[in-house]
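Here is what each chain is made of, one letter per residue.
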Amino acid sequence: MRINRATVQRISSISPIWIVPAVALAIALWLAVQARMEKGATIEIEFANATDIIPGQTQIRLKDVRVGLVKDVKLTRDLKSVRVIAELDREVSQNLSKNSRFWVVTPRISATGVSNLGTLISGVYIVMDPGEPGEFETKFKGLKEPPVYQSDEPGMQYVMQAEELGSIDIGSPLYYRQIRVGEVTSYKLAEDNNHVDINVFIRAPYNKLVQTRSRFWNVSGFGLSMGADGIKAHMASLASLISGGIAFDNAAGFENATLAEEGRRFFLYPDRESVQEGRFNIKYYYLLRFSDSVRGLTVGAPVEFRGIHIGEVVDVSLDTADNIEKSLLVYIAMEPQRLEPNTNPTREEVDARMESLVAQGLRAKMKTASMLTGSRYIDLVFENDANDGHVAFVRAENYSEIPTANGTIDDLTREVAGIVGKVNNIPFEQIGSDLSASMSSLKTILGDLERNQTADKMDAAVANLDKTLENAKQALGQLDSVLQSVDHAIAPDSELKYELTEMLKAVSEAAGSVELFVNELNRNPNALISGVDKDDE
């Protein structure tokens, strides 16, 4: 039996059948590398909830341009929040850092208006703010509320130090001359728990208005003030009325003011009036001793000198409950710059000045500010009878003592007592008796008049008087007509005036002839009998 043996030959080239799989593999590898190169980073964002966030539909946007898509939504291990896994485009992924921020955009209704209504149709989306460059990061904690400004928006941040937050909230407006220039970005309680730090952002170019001399104050709510010129209402805007607000201005009187650096801390005054008060930054404390009741005198009550506000009451206490004079202690804070502006006096200088004024009769008195509310205040006045030499200004290390005088209540009591004494001295009984006698006499006179029908006679007399007045009125009318006729008769161009003038001339000539005749008779009395010789003529 013949056995055929196989012949083995080495093939020198690859079979053409492998070319197609090889090309397919190469294409697949190229596509994989290309996809890997074009694929962006996969990030994880933690939110409190995943309301309306849908994998495969919810977009991630930057300046309203899609830069990523949500791939999955999962709960965290403690089940208190959700993790949103999303994929970003490669061009954006390289800008990720630990400073990047993400938040969900939903329809919002606030005091400033309605926004993001378009999401009712298109659905919610996530906004990305790349933030400042920094260390690369892929895990983030989403913001609960949209930030007031984005990282690429020009402007500066500052810190306001306030005694209390009031109605200010994140997003509250910030005004300069009633123009909105920024917003409140955040707030927190200070580490020492003594004040509140409020962060604000002022957009460019308004940030150049913030100077080292700038003063900020709270304009939240509605302000109402009463003065000699009437009632005034203050309100920055409707938004500040609802959500609070801050305003600022640059204080006058400073030269070479410089721009405030970013992050500078400013004190936030409660109102604009407090800004004016803030000019006086020196306070010295004094003690007043009273014996009267201090009812109505509260902490914060004003201290005045000749009607000028120079300080306030800071404390009221009782030294002892025993029946001792001057046991009520009132502590006041005085601001000497209100009396002498543009000065910075020391405590020793102020005490010396107060000692001189006390020597001239200066005393502290409690007075009533309002009879309606019973509120009281401290008034520094000069007493005419205070120079008795027994009361002096007492210097002390902490609270120098200013002597006091009887307050308004004592003065009012003395005045009332004096008025009551004068009233008691009025002879009311004698006045009553005289008044009763006068009324009896008047009643008798009226009875006599009624019996004599005096009233009827008076009516007849009044009627006759009216008739007489009417006749006199008619006579005056006739006299007026006569005077008008005479006026026309003696007018310069009337005939009567001409005839009267000629008559007066004839009378004048006749008077001359009579005068010659009389003179002749005086010289020759026989002329009437014998006649006059021609030679004598």
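Structure: above.
Heads up: these notes are all about the structure in this document. In this text the structure is predicted, and so the values were computed from the model without any measurement.

**Let's talk about the overall build of the protein chain**
In terms of regular secondary structure, the protein chain is built from 11 helices and 25 strands. Across the 537 residues in the protein chain, those meeting the buried criterion constitute 28%. Entry remark: accessible area of the protein chain is about 37000 Å², with carbon and sulfur atoms responsible for 55%.

**Overview of the nonpolar core**
Ranked by internal contacts, the top residues of the largest apolar core, which has 27 residues, are Tyr 286, Met 354 and Ile 378. Taken together, the elements giving at least two residues each to this core come down to β19 (284-290), β20 (302-305), β21 (308-318), β22 (328-334), α6 (347-359), β23 (362-368) and β24 (376-382). The residues touching Ile 378, leaving out its near neighbours within four places in the chain, are Leu 288, Phe 290, Leu 297, Pro 302, Val 303, Glu 304, Val 313, Ala 364, Lys 365 and Met 366.

**Digging into the pairing of strand β1 (residues 42-47)**
Covered by surrounding structure in β1 are Ile 43, Ile 45 and Phe 47 only, the residues Thr 42, Glu 44 and Glu 46 on the alternate face being uncovered. By the bridge criterion, 6 bridges tie β1 to strand β4 (residues 82-88) in an arrangement that is antiparallel. Paired with Glu 46 across the two strands is Arg 83, which belongs to β4. One ladder, built from 3 bridges, connects β1 with strand β9 (residues 139-141); its direction is parallel. The partner of Glu 46 across the bridge, within β9, is Lys 141.

**A look at the side chain of Asp 351**
In this structure, Asp 351 sits in helix α6. Given a relative accessible area of 4%, Asp 351 falls into the buried group. In contact with Asp 351, not counting residues within four places along its chain, are Tyr 286, Phe 393, Arg 395 and Ser 400.

**Examining a nonpolar patch on the surface**
A cluster of nonpolar residues, Ile 19, Val 23, Ile 27, Trp 30 and Leu 31, forms a patch on the protein surface that exposes about 510 Å² of accessible area. Relative to the assigned elements, Leu 31 resides in helix α1 (residues 19-38).

**A short note on unusual backbone geometry**
Backbone phi values are negative for most residues with the exception of glycine, while trans is the configuration of most peptide bonds. Here Ala 204 and Pro 205 are connected by a cis peptide whose omega angle stands at 5°. Within the fold, Pro 205 resides in the loop between β13 (196-203) and β14 (214-218).

**Observations regarding the pairing of strand β10 (residues 155-162)**
Bridge analysis of β10 against β13 gives 8 bridges, and the strand direction is antiparallel. Looking across to β13, one finds that Met 160 is bridged to Ile 198.

**Looking at the environment of Ala 86**
With respect to the helices, strands and loops of the structure, Ala 86 is situated in strand β4. Sequence separation between Ala 86 and Gly 40 is 46 residues, and the spatial gap between their C-alpha atoms is 9.9 Å. Look past the residues within four positions of Ala 86 in its chain and what remains in contact with it is Ala 41, Thr 42, Ile 43, Ile 60, Leu 69, Val 70 and Lys 71.

Rules behind the numbers
Residues numbered from 1 in each chain as written. Predicted model: local features only at pLDDT ≥ 70, side-chain atom pairs only at ≥ 80, totals over all residues. Heavy atoms only, no water. Helix = DSSP H or I, 4+ residues; strand = E, 2+ residues; numbered from the N terminus. Buried < 20%, exposed > 50% of the residue type's maximum accessible area, 1.4 Å probe, protein only. Areas by Shrake-Rupley, 256 points an atom, 1.4 Å probe, with all protein chains shown as cover. Core = buried A, V, L, I, M, F, W, Y, C linked by side-chain atoms within 4.5 Å. Contact = heavy atoms within 4.5 Å. Pairing = 2+ DSSP bridges. Patch = residues over 30% accessible without salt bridge, like charges linked within 9 Å, V, L, I, M, F, W, Y side chains within 5 Å. Salt bridge = Lys/Arg side-chain N within 4 Å of Asp/Glu carboxyl O.

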